[in-house]
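Reading the structure
The chain contents come next:
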Amino acid sequence: MIRLGLALSVCAVALAVATPSFAQRAAPVAVARAATAPMTAAERSAAVAAIITAVETRYVFPERVAAIRDHLNAGLASGRYDTTDRGVFAERLTADLRESSDDRHMYLNNDPAQYAAAITSDGEVFDNPELQAIWAAAARRSNNGLTEMRILPGNVRYLRLSQFHWVDDRTGQAYDDAMRFLRDGDAVIIDLRGNGGGSHAAVRYLLSHFIKSDTLDITFLETGEEPVQSRTLDHLPAGRMIGKPLYVLISRQVGSAAEAFAYDVQQFRLGTLVGGTTGGAANNNTFVPIAPGFMLSVSYGRPVHPVSGTNWEGVGVAPDVEVDSLTALDAAAALALKGLLAQADADPVDRAGWEWALAGVEARLNPVEIPPEQLEPLAGTYGGRTILFLNGGLVWRLGGAQDFPLRPMTRDGLFSVEGTDNRMRARLTGDALEVFRIEEPAPSRFPRD
């Protein structure tokens, strides 16, 4: 019998662990090396045997079980796992589990703390109160994964989601606050770059704000069990944002539940994905404690999307606009601002703000280099305002103490004044300084002294 909470878990890739109601980012197996006793040969053999038993019992694709079992037994017999270092042991088992299964949710974490919590009770790890406390603490420390909210120039609202945590009666409130913040933006950017996944409950809550209620989101399949459907929610305290221009940033490090949200945005045509193709981890996973101090992730189910009839396992979610993930935010902001400017009936004040913001974004995307020998003659005093040439560039010294770097925006002498939150720009013509402020319709002009 599938329990609804477990069946609705779309969990993370190797660097993250998730549950239906809780999620946490586990330490990477490459560095999570606990200060415990060296691993013995007997412990290694017992661990491999326990892993094989768990795969035989739980793995969603029975046809792959023999290959996984044979691969791990061969590794044990060959001495591949002959190490006393538990972190190295976990690394090698993870590599072999993935190679033999071609499944990103098959891995072994060296995590004595979670292992100790997991063995305190029988049954599924998701019902374990000690593990729930660990996951809830991780959620609290990161504001339930909602780690950054900003108003970008042009009233484009930005939300950084580092992980899809879910804690009952707490995470929803954090999302409500974030959604109220996003709702007042002219466009929305949600940044998933580096998000390894988490809880499907959080994905469904977020998705529900951008699509009508009671929409079939995804169906979860488990061998021998009835399919379980996930549908979008009816009641949302912050209201919906259907039709709001939406841009989602993705990268290779995006996995599982984070991929699920990106996949929904693309399949339901809710917005635009910007960045690089994601990691390709779609299957549902659960966790099994493996002595002496490991947690095994094993896929027990798979999701099927109602639009595509499949999922993103092994292939990832491709962006609609492919750019370097490091510049994805500026690229998305430019797309958002251009889309807003295409509105024929836009408010003139809004339009002026979008134009100002777009000029700044495009200057960052296409940086202008001006040789120092052309910048140095522009230094001087303009109506008592001091422009200095320092370290090959220009700075505006305000109040005789604080220096604000001038970054070239165009080759005809327009500069952004760094440190003013993109609210001030300067043009140096050689004989005058023109100062532009976002809230003023015309520049102020100061002749050279």
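Quantities reported herein were computed from a predicted structural model and do not represent experimental measurements.

Procedures and definitions
- Residues numbered from 1 in each chain as written.
- Predicted model: local features only at pLDDT ≥ 70, side-chain atom pairs only at ≥ 80, totals over all residues.
- Heavy atoms only, no water.
- pLDDT = per-residue confidence, 0-100.
- Contact = heavy atoms within 4.5 Å.
- Pairing = 2+ DSSP bridges.
- Helix = DSSP H or I, 4+ residues; strand = E, 2+ residues; numbered from the N terminus.
- Axes fitted to C-alpha atoms, helices over the stretch in contact; angles between N-to-C directions.
- Buried < 20%, exposed > 50% of the residue type's maximum accessible area, 1.4 Å probe, protein only.
- Polar contact = N/O pair within 3.5 Å; in protein donor to acceptor, adjacent residues only side chain to side chain.
- Parallel < 35°, antiparallel > 145°, perpendicular 65-115°, else oblique.
- Left-handed = near helix turned anticlockwise from the far one by under 90°.
- Nonpolar A, V, L, I, M, F, W, Y, C, P; charged D, E, K, R; others polar.

Turning next to the confidence of the model for the protein. Taken as a whole, the protein shows an average pLDDT of 90; of its residues, 92% reach a score of 70 or greater. Predicted confidence for residues 1-35 stays below pLDDT 50, and this span has 151 contacts to residues more than four positions away or in other chains.

As summarised here, the arrangement of the 8 strands in space is S14-S15-S16-S17-S18-S19-S20-S21, forming an open sheet in which the pairing is antiparallel. The open sheet is flanked by strand S14 (380-382) and strand S21 (444-447), the only strands paired with a single partner. Strand-to-strand, the axes of this sheet are offset by a mean angle of 30°, without reference to chain direction. Direction of pairing for strand S20 (residues 432-437) relative to S21: antiparallel, over a ladder of 4 bridges. Across the sheet, the residue bridging to leucine 433 is phenylalanine 446, located in S21. Sheet strands touched by helix H11 (residues 348-365): strand S17 (402-408), strand S19 (424-428) and S20. Its angle to S19, the strand with the most contacts, is close to 70°.

Within the secondary structure, serine 299 is located in strand S12 (residues 294-304). Under the relative-accessibility criterion, serine 299 is labelled buried at 0%. For serine 299, the side chain forms a polar contact with the side chain of aspartate 103, separated by 2.9 Å. When residues no more than four places from it in sequence are discounted, the contact partners of serine 299 are Arg58, Tyr59, Val60, Asp103, His105, Met106, Asn283, Asn284 and Asn285.

Another aspect to go through is the packing of helix H10 (residues 328-341) against H11. One way to put it is that H10 packs onto H11 with a least axis distance of 9 Å and a crossing angle of 150°. Taken together, H10 and H11 sit at an angle that is classed as roughly antiparallel. Here the hand of the crossing between H10 and H11 comes out left-handed. The segment H10 lies against H11, with Asp330, Ala331, Ala333, Ala334, Leu337, Lys338, Leu340 and Leu341 engaging Arg351, Trp354, Glu355, Ala357, Leu358, Val361, Glu362, Arg364 and Leu365. Residue composition of the contact of H10 with H11, by class: 11 nonpolar, no polar and 6 charged.

Here we take up the sheet that holds strand S13 (residues 321-322). Strand pairing in a sheet takes place through backbone hydrogen bonds and is either antiparallel or parallel in direction. The 6 strands are arranged S4-S5-S6-S9-S10-S13 in an open sheet whose pairing can be described as mixed. Of all the strands in the sheet, the pair left with one neighbour each is strand S4 (146-152) and S13. Of the strand pairs in this sheet, strand S6 (residues 187-191) and strand S9 (residues 246-250) are connected by 4 bridges, and their pairing is parallel. Residue pairing in the sheet places aspartate 191 in a bridge with leucine 249 of S9. Here helix H7 (residues 171-183) sits on the sheet and contacts S4, strand S5 (156-161) and S6; the angle it forms with S5, its principal contact strand, is near 155°. Packed on one face of the sheet, H10 meets S4, S5, S6, S9, strand S10 (272-275) and S13 and runs near 165° to S9.

Turning our attention to the environment of valine 55. Tracing the sequence through the fold places valine 55 in helix H2 (residues 41-58). The exposure class of valine 55 is buried, given its relative accessible area of 2%. A sequence separation of 51 residues divides valine 55 from methionine 106, and the C-alpha atoms of the two residues are 9.4 Å apart. Here valine 55 is in contact with Val65, Ile68, Met106 and Val298, once residues within four sequence places are set aside.

Attention shifts here to the packing of helix H8 (residues 200-208) against helix H9 (residues 257-267). It is the contact of H8 with H9, at a shortest axis distance of 9 Å, that shows an interaxial angle of 25°. Our classification of the angle between H8 and H9 gives roughly parallel. The two elements H8 and H9 meet at a crossing, and its hand is right-handed. Mapping the contact onto sequence places Val203, Leu206 and Leu207 in H8 and Ala257, Ala260, Phe261 and Asp264 in H9.

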